Amino acid sequence: MSEVFKDKSQRRGHGARGKEATGRTKDSISTVSYIDELAHHDDNARMAITTENTYQLGPNKRMPVPAVTDILKDVLTSYLQEEKYEVEWSQKMTKTICEVIRARVKELMIPRYKIVVLVHIGQLAGQSMQIGSRCLWDAANDTFASFSFKNSSLYGVATVYAVYYE
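If you check an unreviewed UniProt entry, the protein chain appears there as Tctex1 domain-containing protein 1 from Pogonophryne albipinna.

Spelled out as structure tokens, the structure:
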């Protein structure tokens, strides 16, 4: 503990927990920490948006799985059709494809759904691949769409999860 804080705690009448010569701790006395510097606060913090309850228990419009599957097919085919697998390229392309798919799915204007997009790109080298995912799921309202693409040197798997939130 620095000398400044020791002096402040002694002036305010707060004792510090200490050890006697025998190694036992003295009775505990509450201490208060004081910091002279002001904490850094974000001046551009967003205001919290308060919305009223709708008391809506289910979606008015569900995610159209065939339309989302068509989006996945179109994006994966257009971005990966003529490409050869490279590690650095696939890392960047995975992020790009995710952003494009998310934007195209959000254009469908599906209200009250959280959209999660996963894209996997890997090298085809005669191996087998299984991709699994787990989450808390409401079978009545939540849904997903998936599409797999292969060319001579790589594979791509894109999955879009639409999770209803109340």
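Now that the structure has been shown, we can carry on.
Draft legend 1. A look at the side chain of S153. Examined against the element boundaries, S153 turns out to sit in the loop between β2 (143-150) and β3 (154-164). Polar side-chain contacts of S153 include one of 3.1 Å to the backbone nitrogen of Y85. Setting aside residues no more than four positions away along its own chain, S153 makes contact with E83, K84, Y85, G122, Q123 and L124.

Draft legend 2. Spatial organisation of the sheet that holds β2. Here we have three strands laid out as an open sheet, ordered β1-β3-β2, and antiparallel in their pairing. The sheet is open, and its two edges are formed by β1 (113-123) and β2, each paired on a single side. Neighbour to neighbour, the strand axes of the sheet diverge by 10 degrees on average, direction disregarded. Of the pairings in the sheet, the one linking β1 to β3 comprises 11 bridges and is antiparallel in character.

Draft legend 3. Structural detail: the pattern of salt bridges. In total, this model carries one salt bridge according to the counting rule given. Between D74 and R104 there is a salt bridge whose closest N-O contact spans 2.9 Å. In this pair, D74 sits in helix α2 (residues 65-80) while R104 sits in helix α3 (residues 87-106), placing the two residues 30 residues apart along the sequence. Using a relative accessible area of 39% as the deciding quantity, one classes D74 as partly exposed.

Draft legend 4. Local environment of the packing of aromatic side chains. Overall, the coordinates contain four aromatic pairs when judged by the stated rule. Aromatic side chains Y113 and Y164 sit 5.5 Å apart centroid to centroid with 65 degrees between the ring planes, which places their arrangement in the edge-to-face category. You can see Y113 sitting in strand β1 and its partner Y164 sitting in strand β3, a full 51 residues away along the chain. The residues Y113 and Y164 share a single accessibility class, namely buried. Ring centres of W137 and F144 lie 6.5 Å apart, and the angle between their planes is 65 degrees; this geometry places the pair in the edge-to-face category. Judged by relative accessible area, which is 36%, W137 ranks as partly exposed. Taken together through their ring pairs, the aromatic side chains of W137, F144 and Y161 make up a single cluster. Over the ring of Y165 we find K114, and its NZ or CZ is 4.8 Å from the ring centre.

Draft legend 5. Focus on unusual backbone geometry. Here M109, not a glycine, exhibits a phi torsion of approximately 55 degrees, which is positive. For M109, the location among the structural elements is in the loop between α3 and β1. Non-glycine residue R112 carries a positive phi angle of around 65 degrees. You can call R112 partly exposed: its relative accessible area is 22%.

Draft legend 6. Up close: α2. In this model, α2 (16 residues) spans 22 Å end to end at C-alpha, consistent with the 22 Å of a helix rising 1.5 Å per residue. All buried positions along α2 are accounted for by V68, I71, L72, V75, L76 and L80. Down the axis of α2, the buried set is contained in an arc of 120 degrees. They therefore lie on one face. In this structure, α2 carries P66, D70 and S78 as exposed residues pointing more than 90 degrees from its buried face.

Conventions and cut-offs
Residues numbered from 1 in each chain as written. Predicted model: local features only at pLDDT ≥ 70, side-chain atom pairs only at ≥ 80, totals over all residues. Heavy atoms only, no water. Helix = DSSP H or I, 4+ residues; strand = E, 2+ residues; numbered from the N terminus. Polar contact = N/O pair within 3.5 Å; in protein donor to acceptor, adjacent residues only side chain to side chain. Contact = heavy atoms within 4.5 Å. Pairing = 2+ DSSP bridges. Axes fitted to C-alpha atoms, helices over the stretch in contact; angles between N-to-C directions. Salt bridge = Lys/Arg side-chain N within 4 Å of Asp/Glu carboxyl O. Buried < 20%, exposed > 50% of the residue type's maximum accessible area, 1.4 Å probe, protein only. Phe/Tyr/Trp six-rings, centres within 6.5 Å; stacked < 30°, edge-to-face > 60°. Lys NZ or Arg CZ within 6 Å of the ring centre and 35° of its normal. Expected span 1.5 Å × (residues − 1). Arc of directions from axis to C-beta.

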